[in-house]
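# Report on the structure
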Amino acid sequence: MSMSQTLPFLYATGTYYEVGFSIGSTFAERINRFWNESEGVSKYDIPFHETSRGQEYFNAALKVCEMNFPQYIQEIKGMADGAKMPFDHLFMLNISKEVQNVLVKVPSVTKEKTGCSDVFLNRPTVKILGHNEDCDPKIKKYGYMVSVRILDEQGVRELETFTSYCYPGVLPGTAVSFNRYGMVFTVDGLYTDYIIETAPPRQFLNRSIIKAHSLDELIELIKNPGFGVAYGFAVNVVDITNPTDFWSIEVGPQANVSLFHVHTIAEEKDPSKPCHYYHINQYKHLNIQETAELKSSKFRTKRTEELPPPNSLHDVLCVLGDQENMEYPIYRTKRSTDKSATVLTAIVDVNKNRIDFYTENPSREKAVPLFHLNILDV
């Protein structure tokens, strides 16, 4: 099998630092290769970091993260030690969304590399959340899965237990994750034309929210009182233990407390009425200034509006695998007009307590998932 058809999986238990060390040491080669080969790192992150402006932002972001999320700084330190890389390198990977999307001048075709498309279906008999993970194509070769149980320093009390698809060297939470309480999260990048430099970078909030036990706790974690968040995103959520309603939550940058809007995808019992909802990489509910050009998002949105309303798992797979638009398809492969790629498709089947993971186009004839996980059993 080619590397694109494999996905390594690590189980780890320990403190934040120990789990980070396990991830770093296990995936050291992948993390180092991604660091050395990623165009975004070499063209934008490193050169910006070497400027006085870059050092200023790095130090400000590190300071607020040490205050707000010291446990995740320990996790990154463990990952860096395990991978035998400088801490600065991995911290740079975890603030690159703010750097590449706002603080440095990146061509618009490159800025949507961290995209994603989501499809909800919610009837009593078909409850699906489908997600395309769109990002730097290198992540397809070097990404990995982790399932971790984080304990306190005494090794007694459990603090977090979750499973997550990870970008190399980046904290879990930016893609597809679920936890032991049955909460499932998929994240879409949103592209505001500004950041809040005194707030923690988006990646740290993404990492924080995957421990939520419930919608109420999730909202409180998103608000992040006293700190807010530096940059925007959307999190799409289902609760396996309480499956009547689903949610898509848009989050906007703001100091002290994050902006957010909760959209509920209610269960639709009437078969004559549509039961679907799409979220891509544009704000649909919050009135927030976005970057000027979001061509891929606009064309993917337009294509979803042209397609018949989905009513089945097969329909969802067809939407997420659609490549009708040759320049900006829903299922993305690197091309001159679009530098991103769909590296993973996740299908959450709520009624079956199951997530299927595809590493190739899920709409192709005889396509089968690479593997599946039972959400409440991992």
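Residues take numbers from 1 onward in each chain, read along the sequence in its written order. Where local features are concerned, this predicted model is filtered to residues with pLDDT of at least 70; where side-chain atom pairs are given and counted, the filter is 80 or more; whole-chain, interface and lining totals use all residues. Excluded from the side-chain calculation are hydrogens and water; included are all heavy atoms of the structure.

As annotated in an unreviewed UniProt entry, the protein chain carries the name Acyl-coenzyme A:6-aminopenicillanic-acid-acyltransferase 40 kDa form and comes from Biomphalaria pfeifferi.

## Comments concerning the packing of helix α2 (residues 28-37) against helix α5 (residues 70-83)
Relative placement of two packed helices is described by the angle separating their axes and the distance separating the axes. To get an axis, a line is fitted to the C-alpha atoms, and for a helix only the part in contact is used. The angle between two axes follows their N-to-C directions and goes from 0 to 180 degrees. Secondary structure follows DSSP: runs of H or I at least 4 residues long count as helices, runs of E at least 2 residues long count as strands, and numbering of each begins at the N terminus. Following both chains from N to C, one finds α2 and α5 inclined at 95°, their axes separated by 9 Å at the closest point. Judged by the angle between their axes, α2 and α5 are roughly perpendicular. For the pair α2 and α5, contact is made by A28, I31 and N32 and by M79, G82 and A83, respectively. For classification purposes, an angle smaller than 35 degrees is called roughly parallel, one larger than 145 roughly antiparallel, one from 65 to 115 roughly perpendicular, and anything else oblique. Whether two residues touch is decided by their heavy atoms; if any such pair falls within 4.5 Å, the residues are in contact.

## Brief notes about helix α1 (residues 16-26)
Only protein chains enter the calculation, and the probe is 1.4 Å; a residue is then buried if its accessible area is under 20% of its type maximum, exposed if over 50%, and partly exposed in between. Those residues of α1 lying buried are Y16, V19, G20, I23 and G24. With its buried residues spanning 135° around the axis, α1 presents them on a single face. The inward-facing, buried residues of α1 contact β1 (9-14), α2, α5, β4 (144-151), β5 (158-166) and α10 (202-209). As used here, the arc belongs to the directions running from the helix axis to the C-beta atoms.

## Side note on helix α4 (residues 52-68)
In a regular helix each residue adds 1.5 Å, so 17 residues correspond to 24 Å; α4 covers 24 Å between its end C-alpha atoms and thus fits that length. Three or more residues of α4 are buried, namely G54, Y57, F58, A61, L62, V64, C65 and N68. Each element contacted by the buried residues of α4 is listed here: α3 (39-49), α5, α6 (87-93), α7 (96-103), α10 and β8 (227-229). A helix's residues, less one, multiplied by 1.5 Å, set its expected span.

## A word on the pairing of strand β14 (residues 341-349)
By the criterion of burial, β14 is predominantly enclosed, with 9 of the 9 residues buried. For two strands to pair, DSSP has to find at least two bridges joining them. In this sheet, β14 lies alongside strand β3 (residues 127-135) in antiparallel orientation, the contact comprising 8 bridges. Counterpart to G130 in the pairing with β14 is I347. Sheet analysis places β14 next to strand β15 (residues 354-358), joined by 5 bridges and oriented antiparallel. By the bridge assignment, T345 is partnered in β15 with Y358. In textbook terms, the turn of a hairpin is the stretch between consecutive antiparallel strands, and for β14 and β15 this stretch comprises 4 residues, one of which, N353, has a positive phi near 55°.

## Details of the packing of aromatic side chains
Put simply, two rings from Phe, Tyr or Trp (the six-membered ring, in Trp's case) pair if the centres are within 6.5 Å, and we call them stacked under 30 degrees between planes, edge-to-face over 60, tilted for the rest. Per the counting criterion, the structure on display carries 14 aromatic pairs. With centroids separated by 4.9 Å and ring planes inclined at 20°, the aromatic side chains of F9 and Y11 adopt a geometry described as stacked. Members of the aromatic cluster, joined through ring pairs, are Y16, F58, F69, Y72, F87, F91 and F204.

## Observations concerning the sheet that holds strand β13 (residues 276-279)
Ordered in space as β13-β2-β3-β14-β15-β16, the 6 strands form an open sheet in which the pairing is antiparallel. Only two strands of the sheet have a single partner each, and these edge strands are β13 and β16 (371-374). Neighbour to neighbour, the strand axes of the sheet diverge by 15° on average, direction disregarded.

## Observations regarding the pattern of salt bridges
When a carboxyl oxygen of Asp or Glu is within 4 Å of a side-chain nitrogen of Lys or Arg, the pair counts as a salt bridge. Scanning all chains against the criterion turns up 21 salt bridges. For the salt bridge of E29 with R33, the shortest nitrogen-to-oxygen distance reads 2.9 Å. Here the residue E29 and the residue R33 both occupy positions in helix α2, the gap between them amounting to 4 residues, near one helical turn. For E158, the salt bridge goes to R149, with nearest N and O atoms at 2.7 Å. The exposure class of E158 is partly exposed, given its relative accessible area of 22%. On the basis of relative accessible area, R149 is assigned to the partly exposed category, the value being 35%. Within the structure, one salt-bridge network assembled from shared partners comprises D134, R300, R332 and D338.

## Concerning the packing of α3 against α7
Where α3 contacts α7, the two axes come as close as 10 Å, and the packing angle between them is 90°. The angle between the axes of α3 and α7 places the two elements in the roughly perpendicular class. Contacts between α3 and α7 pair G40, V41, Y44, D45 and F48 from the former with S96, V99, Q100 and L103 from the latter. Here the nonpolar group is Ala, Val, Leu, Ile, Met, Phe, Trp, Tyr, Cys and Pro; Asp, Glu, Lys and Arg are the charged ones; every other residue, Gly included, is treated as polar. The residue inventory of the contact of α3 with α7, partitioned by class, reads 5 nonpolar, 3 polar and 1 charged.

## As for the sheet that holds β1
Overall, mixed pairing links the 8 strands, which are arranged β1-β4-β5-β6-β7-β9-β10-β12 in an open sheet. Edge strands, defined here as strands with exactly one partner in the open sheet, are β1 and β12 (259-265). With strand direction ignored, the average angle separating the axes of adjacent strands in the sheet is 20°. Pairing between strand β7 (residues 183-189) and strand β9 (residues 233-239): 7 bridges, direction antiparallel. Paired with M183 across the bridge in β9 is D239. Helix α11 (residues 215-223) contacts β7, β9, β10 (246-252) and β12 of the sheet and is inclined by roughly 10° relative to β10.

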